[in-house]
Amino acid sequence: MFDHSSFDAHEGVHMFHDADSGLKAIIAVHSSALGPAAGGCRMWNYDTGEAMLRDALRLSHGMSYKNAMADLPLGGGKAVIWGDAKADKSPELFRAFGRAVESLKGQYITAEDVGISVSDMQIVREETAHVAGLDEGDAASGDPSPITAMGIYLGILETAKRALGTDDLTGRTIAVQGVGSVGGHVCEHLAKAGANLIITDIDQAALSDISTRTGARIVAPDEIYDVDADIFSPNALGAIINEKTLNRFRVKAIAGGANNQLIVPEMGELLRRRGILYAPDYVINGGGIINVCAEISGTYLRDWVDAKVKALMVTLGEVLDLAMESCEPTNLVADRIARQRIGRTD
Ligand code: NAD
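Calculation rules
Residues numbered from 1 in each chain as written. Predicted model: local features only at pLDDT ≥ 70, side-chain atom pairs only at ≥ 80, totals over all residues. Heavy atoms only, no water. Helix = DSSP H or I, 4+ residues; strand = E, 2+ residues; numbered from the N terminus. Rg over C-alpha atoms; globule rule 2.2 N^0.38 Å. Buried < 20%, exposed > 50% of the residue type's maximum accessible area, 1.4 Å probe, protein only. Contact = heavy atoms within 4.5 Å. Lys, Arg positive; Asp, Glu negative; His and termini not counted. Charge placed at Lys NZ, Arg CZ, Asp CG, Glu CD. Phe/Tyr/Trp six-rings, centres within 6.5 Å; stacked < 30°, edge-to-face > 60°. Near = heavy atom within 4 Å. Polar contact = N/O pair within 3.5 Å; in protein donor to acceptor, adjacent residues only side chain to side chain. Areas by Shrake-Rupley, 256 points an atom, 1.4 Å probe, with all protein chains shown as cover. Nonpolar A, V, L, I, M, F, W, Y, C, P; charged D, E, K, R; others polar. Salt bridge = Lys/Arg side-chain N within 4 Å of Asp/Glu carboxyl O. Pairing = 2+ DSSP bridges. Axes fitted to C-alpha atoms, helices over the stretch in contact; angles between N-to-C directions. Domains from an automatic or database assignment. Buried area = accessible area lost by both parts, 1.4 Å probe.

1. Digging into the overall build of the protein
Counting its secondary structure elements, the protein contains 11 helices and 12 strands. Its C-alpha atoms give the protein a radius of gyration of 20 Å, near enough to 20 Å, the size a compact globule of 346 residues would have. If you line up the protein on its principal axes, its C-alpha atoms span 55 × 45 × 40 Å. Looking at the 346 residues of the protein, the share that counts as buried comes to 56%. Contacts spanning at least 24 positions in sequence make up 65% of the contacts within the protein whose residues lie at least 6 apart. Distance from the positive charge centre (32 side chains) to the negative charge centre (47 side chains) of the protein: 4 Å.

2. Focus: the packing of aromatic side chains
Two descriptors summarise a pair of aromatic rings, namely the distance from one centre to the other and the angle between the planes of the rings. Counted under the stated rule, the structure contains five aromatic pairs. Look at Tyr-225 and Phe-249: their rings are 5.8 Å apart centre to centre, the planes differ by 75°, and that puts the pair in the edge-to-face class. Taken together, the positions of Tyr-225 in the loop between strand E9 (217-218) and strand E10 (231-234) and Phe-249 in the loop between E10 and strand E11 (253-254) put the pair 24 residues apart, joining distant regions of the chain. Looking at Tyr-225, the relative accessible area reads 8%, which means it is buried. Here a set of aromatic residues connected by ring pairs shows up, and it is made of Tyr-225, Phe-232 and Phe-249.

3. Side note on the site of the ligand
Close to the ligand lie 18 residues; Thr-148, Ser-181, Val-182, Asp-201 and Asn-259 are nearest. Within the backbone of Val-182, a nitrogen or oxygen atom sits 2.8 Å from an oxygen atom of the ligand. Between the ligand and Asp-201, the relevant distance is 2.6 Å, taken from an oxygen atom to a side-chain nitrogen or oxygen of the residue. Surface burial for the ligand is 73%, taken as the share of its 820 Å² of free accessible area covered by protein chains. Of all the secondary-structure elements, those providing two or more residues to the shell around the ligand are helix H4 (145-163) and helix H5 (181-192). Among the residues forming the shell around the ligand, the class breakdown is six nonpolar, nine polar and three charged.

4. Some remarks on the pattern of salt bridges
Between side chains of opposite charge, pairing is possible as soon as their charged atoms come close. One pass over the full model with this rule turns up 24 salt bridges. A salt bridge links Asp-228 to Arg-250; the nearest nitrogen and oxygen atoms lie 3.2 Å apart. Taken together, the positions of Asp-228 in the loop between E9 and E10 and Arg-250 in the loop between E10 and E11 put the pair 22 residues apart, joining distant regions of the chain. Here the salt bridges share partners, and the residues they tie into one network are Arg-42, Asp-55, Lys-78 and Asp-113.

5. Overview of the sheet that holds strand E7 (residues 173-177)
Pairing in this open sheet of six strands is parallel, and the strands run E9-E8-E7-E10-E11-E12 from one edge to the other. On the outer flanks of this sheet lie E9 and strand E12 (277-278), each paired with one strand and no other. With respect to the sheet, helix H6 (residues 204-214) is in contact with strand E8 (196-200) and E9, its orientation differing from that of E8 by roughly 175°.

6. Here's the deal with the domain arrangement of the protein
Domain annotation for the protein reports domain 1 (12-124) and domain 2 (145-286 + 314-333). The gap between the C-alpha centroids of domain 1 and domain 2 is 28 Å. Counting residues at the interface gives five residues for domain 1 and eight residues for domain 2. At the boundary of domain 1 with domain 2, total buried surface from both sides reaches about 600 Å², with 61% on carbon and sulfur atoms.

7. Focus: the side chain of Asp-201
Note that Asp-201 resides in the loop between E8 and H6. There is no salt bridge for the buried Asp-201, and the closest opposite charge comes from Arg-213, which lies 11 Å off by N-O distance. Polar contacts involving the side chain of Asp-201 include one to the main-chain amide nitrogen of Val-179, which spans 2.8 Å. Only 2.7 Å separates the side chain of Asp-201 from the backbone nitrogen of Asp-203, close enough to count as a polar contact. Excluding its chain neighbours within four sequence positions, the residues that come into contact with Asp-201 are Gly-178, Val-179, Gly-180, Leu-207 and Pro-221.

Spelled out as structure tokens, the structure:
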């Protein structure tokens, strides 16, 4: 593991196997410089154990950066469970995972990620208190998506100020990829602000619902990269900024909530050269972890969450300004600030 290309001086990488339930899990703690490592648990049917390890290393690393940029008292960690989320779940599996989390004595706090639901986390809660993202309990924070979406909307305004010279979106066109939990709310904010929307999704029901409510024009999934728009807001998949899409974008900025939008970090520089201002994903989409952090603190205060999200968007503006002044890609400027905040100065 120490030679692994995704290893970044992770503080701990813990492997768990429970023969009775079939649990195979990895909990990776990247950094606890700012507090206990927090990050969701993903259940995925990996092709190999190597792919699973790489995901745990990369995702936990990303959480350190996200939590640092949101100025939260949390380090970065992530858990991955090897299995098919549709076929392999059982209460025993999640209890075994709960015991794994508990064995780390609070070094890692878990929550939902891809493939994991609130009800799964309620079973985990039977074995450990180091779990968040619940919808019951004194400090329960519930679904983070509306807060994530509010942050993305505010982040789009910050990006528009710099890329379009104004944050008045009246009559501006925004292309939105994915109108699910996050993208749907983003569309509603944008429509209220007077923007014209072009939307795509693979879920026809979600598309027609959002189109009816916002007047958005619908395009086929692959057409979204070619539309004439001011801003592209990806809220579905990762790796959508790649060698195939890069030269198709006809926008001035990209600002959306999807995780890991750049297929490789070098795409940031290529976007810059094309004159497209990119809002780094883990900065603009930090609203959800802010919401979870309020729950972890033991007292959920909505005013604190709102103030923190607004402050994060000021940070996003600073990242964009620094990058524009120094002619650097925005993603590398964000990485540098995040690394400084967690005391990694290499
Ligand atoms: P979601 O599953 O509710 O929505 C995703 C939407 O994308 C769905 O409607 C889906 O049909 C659509 N989609 C899938 N493939 C597509 C394709 N090829 N083209 C167009 N649309 C497609 O998920 P979500 O919670 O809204 O999350 C969206 C993104 O934001 C993910 O990348 C997630 O990791 C990230 N994110 C979410 C949160 C949160 O609070 N939910 C926080 C931070 C980051």
